[in-house]
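Take a look at the letters that make up each chain.
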Amino acid sequence: MPVPIRRLCVALTLCTALLAGSTACGSSANTSTKDTAAVQAVPAAAKPSPTTSAERQKFAKTRFVANAGLAAGATYQWIVKPLKAGKFKKGAKGRRSALVKAALAGAFTYNRLKAAQRNAQGDPTLSKALAPLSAGIDALKDLPSKLRKGDDGAANSFNDIIGKVKDAGASAGAPVKNQVPSTSQLAKGS
C-alpha cells in the first residue's frame, strides 16, 4: 500500500526534530560544579500561590457573574418559560419532559447559586450584598422535588431568588446577564 509523500515528509521532519532535541538535551561529562552549587544554594519556594489576594477578589466577581448568569439562564429557559407556556399543568403535551428538565435545571441552579455564593465571599462588596440571600438560596435545595410534583410555587421561588441575586450583583457592581447552559452542562450539574 503506497504512502502519500506528504506523510513521509511529516514523519521525517518529526523524527529529525526528536533526534535533534534528544541530542541537544544530553548531558556532557564536563559539567561545572559552580552551576550545580548555585542551583542547590537557591531555596525552593514554599508553595506558589496562583493569584494574589487582589486578583482573587477580581476573579471572584467574574466567577460570581458567570455562575449567577448560568443559574439565571437555566431558570429562565427550563423553569420560567415552560411555566408561562403551561407545560407543567396536568394533561399538557410534553409535561413529563418539561418536568424532568425543570428538575435538572433546579438542581443545576442550586449548584451554581451555591458556587456564586462562595465566589461572592471573595469580594467584600458582593459578600455584603449577597449575605441576606443565603437562607433563600439554601431553601432552593428542596424545590427540585417540588418541581417534579408540579408545584408552580416552586418555579416562582426560583425566579424570585434569581431576581434578588441579580439585584444584589448589580448593586455590588457585578451585573448578571442570563447565560443559558448547554444540556450537557445541565446534565452534569456544573
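Source: prediction; values computed, not measured.

Colleague: Sorry if this is basic, but what is going on with the nonpolar core here?
Modeller: For soluble globular proteins, nonpolar side chains are generally found buried alongside one another. One finds F64, I79, L113, L130, L140, L147 and V165 to be the most contacted residues of the largest nonpolar core, which totals 36 residues. Contributions of two or more residues to this core are made by helix 3 (53-85), helix 4 (95-120), helix 5 (124-130), helix 7 (143-148) and helix 8 (152-171). If we skip the residues at most four places from it in the chain, L140 touches Y110, L113, S157, F158 and I161.

Colleague: Please clarify how the confidence of the model for the protein chain should be interpreted in this entry.
Modeller: Should the pLDDT be low somewhere, the predicted coordinates at that spot are not to be read in detail. Within the protein chain, residue pLDDT values average 76, and 70% of them lie at 70 or more. For the protein chain, per-element mean pLDDT is lowest for helix 2 (residues 33-41), which scores 49, and highest for helix 4, which scores 88. Counting interchain partners and residues more than four positions distant, the pLDDT-below-50 stretch residues 41-51 has four contacts.

Colleague: I would appreciate a short explanation of the pattern of salt bridges in the present structure.
Modeller: All told, the structure shown has one salt bridge when counted by the stated rule. Close ionic contact of K114 with D138 constitutes a salt bridge, the shortest N to O distance being 2.7 Å. Of this pair, K114 sits in helix 4 while D138 sits in helix 6 (residues 134-139); the two residues are 24 residues apart in sequence, bridging distant segments of the chain. Since its relative accessible area comes to 22%, K114 is described here as partly exposed.

Colleague: How should the side chain of T109 be read in this particular structure?
Modeller: One can find T109 in helix 4. Within polar-contact distance, the side chain of T109 engages the backbone oxygen of A105 at 2.7 Å. Sequence-distant contacts of T109, that is, excluding residues within four places in its chain, are made with A71, A74, T75, F158 and I162.

Conventions and cut-offs
Residues numbered from 1 in each chain as written. Predicted model: local features only at pLDDT ≥ 70, side-chain atom pairs only at ≥ 80, totals over all residues. Heavy atoms only, no water. Core = buried A, V, L, I, M, F, W, Y, C linked by side-chain atoms within 4.5 Å. Buried < 20%, exposed > 50% of the residue type's maximum accessible area, 1.4 Å probe, protein only. Helix = DSSP H or I, 4+ residues; strand = E, 2+ residues; numbered from the N terminus. Contact = heavy atoms within 4.5 Å. pLDDT = per-residue confidence, 0-100. Salt bridge = Lys/Arg side-chain N within 4 Å of Asp/Glu carboxyl O. Polar contact = N/O pair within 3.5 Å; in protein donor to acceptor, adjacent residues only side chain to side chain.

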